[in-house]
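# Descriptive analysis of the structure
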Amino acid sequence: FVLKSLGSNYWVQLKAGAVDKAEELGIDLEVLAPSSDNATEDQIRMLEDQVVSGVDLVLVAPSNSGAQVATFDKVVDAGIPLICVDTNAKGYDKKTSFIGSSNEEVGKKAGEYLTENVKDKSGAVILLRGQLGDETADTRSKGCTDALKAAGFSNIVEQPANNDRNTAMGVMENMLQSNDNIVAVYATNDEMALGAARALQAANDKDTVVVGTNADVDALTSIVEGTGVTASVRQDPYTMGYKALENAVKYLDGEKVEDIAIECELVTADNCAEIIERNEEYLNK
């Protein structure tokens, strides 16, 4: 199982679900991850190593599926089934299945929350996204943008911040200098939402609504304490990892498998405590 990284609580939960299911089924599972979500070349090398090792099946959360098609081909052409998890490789029809949320729906939930909680439709909405070419960022951004435009928002500024908190803080600082009426921020992961919140706090801006994605520990803490992040869209990574392993084993046993959709939910101050408790339960299994 080649993840994007293990640098956030989201990926740690996803790994925990996969490991628990593998242990339950008696499967020999190795989990690998590069140092960051953006380390596409490192992830490519990890996938190529699996071809040499001759594993039975590969699960992957692609960091940049558009740049990894040739690598996917190497895996599949070696007779190794390939299952995508969390991030789909749309248009790549040689994969066995996809387990994950609709990232467009994730972005849509964020956009709808913003339309309900931001009254000034003339203000700027800043979309902080992962690296260009990252399908997850592309589809989340599209879902949010479509929801905002449908509600009458027109000043939508999309900026890559590479899924990194410090990068997002710097981008947000620049946005604050060039826009005098920022009303909201949507970030395609929580690290960027936290970076944006830090920049807004430094500017003494307490009114801008900040929505992130993944419901990571630090974001949940920020929501509870009211320190910048207003909401986050959660995908249930533990269940995603658990179901991914379940699907993989079914395929290896000769069963027909299909894509599995993982529901997403909006986390706000109203239900945050419940989500924190659920996350701790998953990680303490």
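What comes next concerns the included structure. Here the residue numbers are simple positions, counted from 1 along each chain's written sequence. Selection of residues for local features in this predicted model requires a pLDDT of at least 70, selection of side-chain atom pairs for listing and counting requires 80 or more, and totals for whole chains, interfaces and linings are taken over all residues. The basis for every side-chain value is the complete set of non-hydrogen atoms in the structure, without hydrogens or water.

Secondary structure assignment for the protein chain yields 10 helices and 10 strands. For this measure, only C-alpha atoms enter the radius of gyration; the expected value for a globule follows 2.2 Å times N^0.38, where N is the number of residues. Since a compact globule built from 285 residues should have a radius of gyration of about 19 Å, the 19 Å found for the protein chain is in line with a globular shape. Overall, the protein chain is about 55 × 35 × 30 Å in size when its C-alpha atoms are taken along their principal axes. Under the scheme applied here, a residue whose accessible area is under 20% of the maximum for its type counts as buried, over 50% as exposed, and between as partly exposed, the area being computed with a 1.4 Å probe on protein chains only. Expressed as a percentage of the 285 residues in the protein chain, the buried residues total 54%. Any two residues having at least one pair of non-hydrogen atoms within 4.5 Å are treated as being in contact. Partitioning the contacts of the protein chain with sequence separation of at least 6, the portion at a separation of at least 24 is 72%. Using a 1.4 Å probe, the Shrake-Rupley method yields the accessible areas, and only the shown protein chains count as cover for residues. Element-wise, carbon and sulfur atoms account for 44% of the exposed surface of the protein chain, whose accessible area totals about 12200 Å². In the protein chain, 25 side chains carry a positive charge and 48 a negative one; their mean positions are 4 Å apart. By definition, any uninterrupted DSSP run of H or I lasting at least four residues is a helix, any uninterrupted run of E lasting at least two residues is a strand, and each is numbered from the N terminus. Charge counting follows a simple rule: Lys and Arg are positive, Asp and Glu are negative, and His as well as the terminal groups are ignored. For the purpose of locating charges, the reference atoms are NZ of Lys, CZ of Arg, CG of Asp and CD of Glu.

To continue, consider the sheet that holds strand β10 (residues 265-267). Taken together, six strands build an open sheet; the order of strands is β5-β4-β6-β7-β8-β10 and the sheet is mixed. With partners counted over all chains shown, the strands left at the sheet margins are β5 (156-160) and β10, one partner each. Each adjacent strand pair in this sheet contributes to an overall mean axis angle of 20°, direction not counted. For two strands to count as paired, DSSP must find a minimum of two bridges between them. Strand direction decides the pairing type here: strand β7 (residues 209-213) and strand β8 (residues 231-234), joined by three bridges, are parallel. Its bridge partner lying in β8, Val-211 is registered against Ala-231. Strands β4 (124-129), β6 (182-187), β7, β8 and β10 of the sheet are contacted by helix α4 (residues 103-117), whose axis makes an angle of about 165° with β7. Lines fitted to C-alpha atoms define the axes here, with helix axes fitted over just the stretch in contact, and angles between the N-to-C directions of these axes take values from 0 to 180 degrees. Along the sheet, helix α7 (residues 190-202) contacts β4, β6, β7 and β8; its crossing angle with β7, the most-contacted strand, is approximately 160°.

Let us look at the packing of aromatic side chains. When two rings of Phe, Tyr or Trp (its six-membered ring) have centres within 6.5 Å they constitute a pair, described as stacked for plane angles under 30 degrees, edge-to-face for angles over 60, and tilted for the intermediate range. As enumerated under the stated definition, the model contains three aromatic pairs in all. On the numbers, 5.0 Å between centres and 85° between planes, the contact of Tyr-10 with Trp-11 is edge-to-face. Classification of Tyr-10 by relative accessible area gives buried; the value is 1%. Where Tyr-238 meets Tyr-242, the ring centres are 6.2 Å apart and the plane angle is 25°; that geometry is what we call stacked. Of the two residues, Tyr-238 and Tyr-242 both sit in helix α9 (residues 237-252), four residues apart, roughly one turn of that helix. Here Tyr-238 falls in the buried class, since its relative accessible area comes to 6%.

Relative orientation of the contacting elements helix α1 (residues 9-25) and α9 amounts to 40°, with a least axis distance of 6 Å. Here α1 runs over α9; the crossing is right-handed. Where α1 abuts α9, its residues Tyr-10, Gln-13, Leu-14, Ala-16, Gly-17, Ala-18, Asp-20, Lys-21, Ala-22, Glu-24 and Leu-25 lie against Pro-237, Tyr-238, Met-240, Gly-241, Tyr-242, Leu-245, Glu-246 and Val-249. Its residues placed into classes, the contact of α1 with α9 shows 12 nonpolar, three polar and four charged. By the definition used in this description, the sense in which the near helix is turned from the far one sets the handedness, with an anticlockwise turn below a right angle giving left-handed and a clockwise turn giving right-handed. Charged means Asp, Glu, Lys or Arg here, nonpolar means Ala, Val, Leu, Ile, Met, Phe, Trp, Tyr, Cys or Pro, and polar covers whatever is left, Gly included.

Glancing now at the nonpolar core. Counting 28 residues, the largest nonpolar core has Ile-126, Leu-128, Met-172, Val-185 and Leu-220 as its most contacted members. At the level of secondary structure, the elements contributing two or more residues to this core comprise β4, α6 (165-178), β6, α7, α8 (217-225) and α10 (272-283). The element contributing the most residues to this core is α7, with seven residues. Setting aside residues up to four positions removed in sequence, Ile-126 forms contacts with Val-157, Met-172, Met-175, Ile-182, Ala-184, Val-185 and Tyr-186. Only buried Ala, Val, Leu, Ile, Met, Phe, Trp, Tyr and Cys residues count toward a nonpolar core, and they belong to the same one when joined by side-chain atoms within 4.5 Å. Membership of the second largest hydrophobic core comes to 19 residues, among which are Tyr-10, Leu-14, Ile-83 and Ile-99.

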